[in-house]
Amino acid sequence: MSTQSLTSELFEFESASDAIEHYFRVGWTDGLPIVPPTPEKVGEMLDYVGRSPSEILGAEPTKGRIITVEKVAINTVMAGCLPEYFPVVLAAVEALCEPQFNLHAITVSTMGAAVLAVVSGPVADDLAMNSSVSVFGPGNRANATIGRAIRLVIINVTGALPGVLDKATLGHPGKYTWCIAEAEQVSPWESLHEERGLAAGTSAITLFAGLSATQVPNHTGNTPETILVSFQDAMFAAGYGQGELVVVLCPEHVGYLGAAGWSKGDVKRFLHEKAQRTVAEWQRAGREIPDGLDADAALATADSPDSITLLVAGGFAGAFSQVIPLWGGGSNSRSVCRQIELP
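Conventions adopted
Counting restarts for each chain: residues are numbered from 1 in the order of the written sequence. Whole-chain, interface and lining totals are the exception, using all residues; otherwise, since this is a predicted model, local features are given only for residues with pLDDT of at least 70 and side-chain atom pairs are given and counted only at 80 or more. Note that the side-chain values use all heavy atoms of the structure and ignore hydrogens as well as water. Here, nonpolar core refers to any group of buried Ala, Val, Leu, Ile, Met, Phe, Trp, Tyr and Cys residues whose side-chain atoms link them within 4.5 Å. We call a residue buried when its accessible area falls under 20% of the maximum for its residue type, exposed when it is over 50%, and partly exposed in between, using a 1.4 Å probe and counting protein chains only. Helix numbering and strand numbering both begin at the N terminus, where a helix is a DSSP run of H or I of at least 4 residues and a strand a DSSP run of E of at least 2. We call two residues in contact when some of their heavy atoms are within 4.5 Å. One bridge is not enough; two strands pair if DSSP finds at least two bridges between them. Every axis corresponds to a line fitted to the C-alpha atoms, with the helix fit spanning only the stretch in contact, and the corresponding angles, defined between N-to-C directions, vary from 0 to 180 degrees. Should an angle lie under 35 degrees it is considered roughly parallel, over 145 roughly antiparallel, and from 65 to 115 roughly perpendicular; all remaining angles are considered oblique. The hand of a helix crossing depends on one turn: near helix anticlockwise from the far one by less than a right angle means left-handed, and clockwise means right-handed.

Caption draft 1: Broad picture of the nonpolar core. Core analysis: the biggest nonpolar cluster contains 59 residues, and Val72, Phe86, Val119, Met129, Ile146, Ile205 and Leu207 have the highest contact counts within it. Of all the elements, helix α4 (residues 86-96) adds the most residues to this core, at nine residues.

Caption draft 2: Region of the structure containing helix α3 (residues 69-79). Here α3 lies mainly inside the structure; ten of its eleven residues are buried. Taken residue by residue, α3 has Val69, Glu70, Val72, Ala73, Ile74, Asn75, Thr76, Val77, Met78 and Ala79 as its buried positions. Among the structural elements, α1 (16-26), α2 (39-49), β1 (56-59), β2 (66-68), α4 and α7 (141-156) are those in contact with the buried residues of α3. Gly80 lies just past α3 and shows a positive phi near 95°.

Caption draft 3: Structural context of the sheet that holds strand β5 (residues 204-210). If you trace the four strands from one edge of the open sheet to the other, you get β4-β3-β5-β12, paired in mixed fashion. The sheet terminates laterally at β4 (179-181) and β12 (336-339), the two strands that pair on one side only. Between one strand and the next, the sheet's axes are offset by a mean angle of 20°, whatever the strand orientation. By the bridge criterion, seven bridges tie strand β3 (residues 114-120) to β5 in an arrangement that is antiparallel. Residue pairing across strands places Val118 opposite Thr206, the latter belonging to β5. With respect to the sheet, α4 is in contact with β3, β5 and β12, its orientation differing from that of β5 by roughly 50°.

Caption draft 4: Expanded view of the packing of α3 against α4. One way to put it is that α3 packs onto α4 with a least axis distance of 10 Å and a crossing angle of 125°. Overall, the two elements α3 and α4 adopt an arrangement that is oblique. Crossing of α3 against α4: the hand is right-handed. Facing Val69, Val72, Ala73 and Thr76 of α3, the residues of α4 in contact are Phe86, Val89, Leu90 and Val93.

Caption draft 5: Inspection of the pairing of β1 at higher detail. As paired strands, β1 and β2 are joined by three bridges and run antiparallel to one another. In the strand pairing of β2, Ala59 is matched with Ile66. Taking the residues between adjacent antiparallel strands as the criterion, β1 and β2 are bridged by six residues, where Gly64 takes a positive phi near 75°.

So this is what it looks like as structure tokens:
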């Protein structure tokens, strides 16, 4: 692709170090050094996908900022991505722009949500993404840079700079990067994107507006019931009436569930039933409850079993799973699954 078709402003520096320091000074980073997005590197991204730099992927709904393929390519270079990662980033940005994800609200809210991106399908293996040991930790280039590219787009293209539009009271480290692959080779169930209606053999990315996770250890349970009951307290911490929340099951836990023949539906129904408290119990826990409800009435953490998303990921050693609540009780922002269009 001719770099003459790029329309972004061009800056010249004597060295890459000078460029990096300039990006720090003007606030175009996440606080970490970036890869200078030269026209040649941006062109490599665009050539890989064969899409026009002027193509519009969506817009930030409140400020009206237009998100083009060129702007996403620039930030993808800055994040340290390889060109083969670019289709995943593009699909993620298209998902961000879906109205039900409510991008503006989750980025300006004091609640401090981050974008959790989950990649499923053959592309995860093609890119050697991590779905296993320390899956939410450092060390994998694809996981780290794809997640970082999503955040840099939010900062630089939509204008959600920390302290300017991003008003998170605390935030959490997922705001640097929060991208994993689903452990489909371990899971006894259909993949996340198949569950959401996409065909087997395709690749997809699913985005959640995630709050800080709560770890759930259970090293003694070896039946579905004795394992899943340990998720109660972590689910209670999310509050009642969650429209959507994520339960991450490690291989050790899911191995017992699969061996017992439990389906995703079985697990969701058990979790929904067990994570209930009476109105009086919720009130003692400091939760605000609508007036007029009987003190003995039961209120569930999740609105329904289908409000619970099950995700399999993590290392084979260690019986540690997670509960990840979502922004706004999982109702004001809904997860979005988008197929990845590969060249």
